[in-house]
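# Structural overview
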Amino acid sequence: MAVPFVDLTWQHGPLQEAIQGVINAVINQGDFVLGQALADFEANFALACGTQFGVGVGCGTDAIALGLIACGVAPGDEVILPANTFVATLMGVLRSGAIPVFVDCDRATALMDLDAAERAITPHTRAIVPVHLYGQMVSPHGLLELANRHRLIIFEDAAQAHLAQREGYTAGSIGLGAAFSFYPSKNLGALGDGGMFVTGDQLIAGTARSLRNYGATSKYYHTEPQGTNSRLDTLQAAVLNVKLPHLAGWNRARYAIAQHYGRRLAPLVEHGILPMHNDAGPGHIYHLYVVRITDTCPISRANLQAQLATAGIQTGIHYPIPCHLQPAFSSLGYGPGSFPQAEALSQEILSLPMYPGMTLEQADYVVDAMVEAVTAARAVSVLQAVNG
């Protein structure tokens, strides 16, 4: 049995006719840039997130950069973000002109450590960027309490958290603004790159719309010097609008697979394989299903990953190098040991196959292969101990 890491064919097959229909409609209408389908999707997606305004942009990185600028983050402001995130979070902060300030994570969830974030606050701190990693939200109550105490802007990186929920909040509705990515493998994915900035503030939304369109408030009238060309294509928005009504069901399917994984993996916990902890219950949308291969496991992560690949099972590592250790950003002044939890976690994590069309039989095959690899490695280690 082959188990791909992600398989989108199950999703596009049933929707093929509807997708082709909306593509044809855009072609016939000819409004390929900033067209009606984009306006419709912006409104629908913002509503689904529990906020008011959506601004479609070219990618998730632009949603962070332009969104932060629209929210009032300026050059010289400090912005707190986790060290263990995809590099797009950092790049978005840098492109806004702000100074990134990394903090460590909670090893059990991989989410930002809010106590560490509070210790990192200085008089220059303007915003905090919680990353709702792997599909689980950072605690909204914890974020709001922290932000209110220190008068900080909350800007959510929700690139992996489409319709995730926690403590009565939906991802994108906690702070002043939030950024989403519609990269094809996301829970809500386009047929290429795309992103969205959402906010409940009409003036901020207007600024973001200007920034994405050369800084223009009207044709040939430019008011924002940081403006750029970053507009979600009307064709992509039309396709995303077809998919959006199915998203909640797809997320529920992911959760069901995650629950099955959890039950099947339970016996491996005593052998050092630990699923990332879920603090959000069914609000966790499992963009990724991640386990930790700890140092008590008889098989290394590399060897386990290799044996799974031999069995036809694709896996991933999200992410193998924390942002503060990436060579491109050595000038920020961090080094090994700066964030021990994030650094240790990067050596443990392994992402297993996860997508709504995945069958329980495929999940069983993945776990059975893991059990076989662990059992064999344990037998070897016992034999070596006996032989001295």
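For the coordinates displayed, the defined rule picks out 13 aromatic pairs. Ring centres 5.6 Å apart and planes at 35° place the aromatic pair phenylalanine 86 and tyrosine 319 in the tilted group. Linking phenylalanine 86 in the loop between strand E2 (78-82) and helix H4 (87-95) with tyrosine 319 in the loop between helix H10 (301-310) and helix H11 (340-346), this pair joins segments that are 233 residues apart in sequence. Note on phenylalanine 86: relative accessible area 46%, which makes it partly exposed. Overall, the relative accessible area of 18% leaves tyrosine 319 in the buried class. Arranged with centres 6.3 Å apart and planes meeting at 75°, the rings of phenylalanine 102 and phenylalanine 339 form a pair that is edge-to-face. Taken together, the residues phenylalanine 102 in strand E3 (residues 99-103) and phenylalanine 339 in the loop between H10 and H11 connect sequence positions 237 residues apart. These aromatic residues form a ring-pair network of at least three members: Phe41, Phe45, Phe180 and Phe182.

A few words on the environment of valine 55. Mapped onto the secondary structure, valine 55 falls in strand E1 (residues 53-57). When its relative accessible area of 0% is taken as the criterion, valine 55 is described as buried. Setting aside its immediate chain neighbours within four residues, valine 55 contacts Glu42, Gly195, Met196, Phe197, Ala205, Ala208, Arg209 and Arg212.

Quick look at the sheet that holds strand E9 (residues 195-199) now. Read across the sheet, 7 strands follow the order E1-E9-E8-E5-E4-E2-E3 without closing on themselves; strand pairing throughout is mixed. The open sheet has two edge strands, E1 and E3, and neither has a second partner. Neighbour to neighbour, the strand axes of the sheet diverge by 25° on average, direction disregarded. Here 2 bridges tie strand E4 (residues 125-128) to strand E5 (residues 153-157), and the two strands are oriented parallel to one another. Counterpart to isoleucine 128 in the pairing with E5 is isoleucine 154. Seen against the sheet, helix H3 (residues 60-70) touches E1, E5, strand E8 (177-181) and E9 and runs at an angle of roughly 165° to E8. Relative to E1, helix H7 (residues 202-212) is tilted by about 10°, and along the sheet it contacts E1 and E9.

What follows is about the pairing of E5. Counted residue by residue, E5 has 5 buried out of 5 residues, so it is predominantly covered. Burial along E5 is two-sided: the residues Ile153, Phe155 and Asp157 and Ile154 and Glu156 are all buried. Handedness of the E4-helix H6 (residues 140-150)-E5 crossover: right-handed.

For the pair H3 and H4, interaxial distance at closest approach is 8 Å and the crossing angle is 35°. The two elements H3 and H4 meet at a crossing, and its hand is right-handed. Contacts between H3 and H4 pair Thr61, Asp62, Ile64, Ala65, Leu68 and Ile69 from the former with Ala88, Thr89, Met91, Gly92, Val93 and Arg95 from the latter. Classifying every residue of the contact of H3 with H4 by side-chain character gives 7 nonpolar, 3 polar and 2 charged.

Criteria and thresholds
- Residues numbered from 1 in each chain as written.
- Predicted model: local features only at pLDDT ≥ 70, side-chain atom pairs only at ≥ 80, totals over all residues.
- Heavy atoms only, no water.
- Phe/Tyr/Trp six-rings, centres within 6.5 Å; stacked < 30°, edge-to-face > 60°.
- Helix = DSSP H or I, 4+ residues; strand = E, 2+ residues; numbered from the N terminus.
- Buried < 20%, exposed > 50% of the residue type's maximum accessible area, 1.4 Å probe, protein only.
- Contact = heavy atoms within 4.5 Å.
- Pairing = 2+ DSSP bridges.
- Axes fitted to C-alpha atoms, helices over the stretch in contact; angles between N-to-C directions.
- Right-handed = clockwise from strand over helix to strand, strands pointing away.
- Left-handed = near helix turned anticlockwise from the far one by under 90°.
- Nonpolar A, V, L, I, M, F, W, Y, C, P; charged D, E, K, R; others polar.

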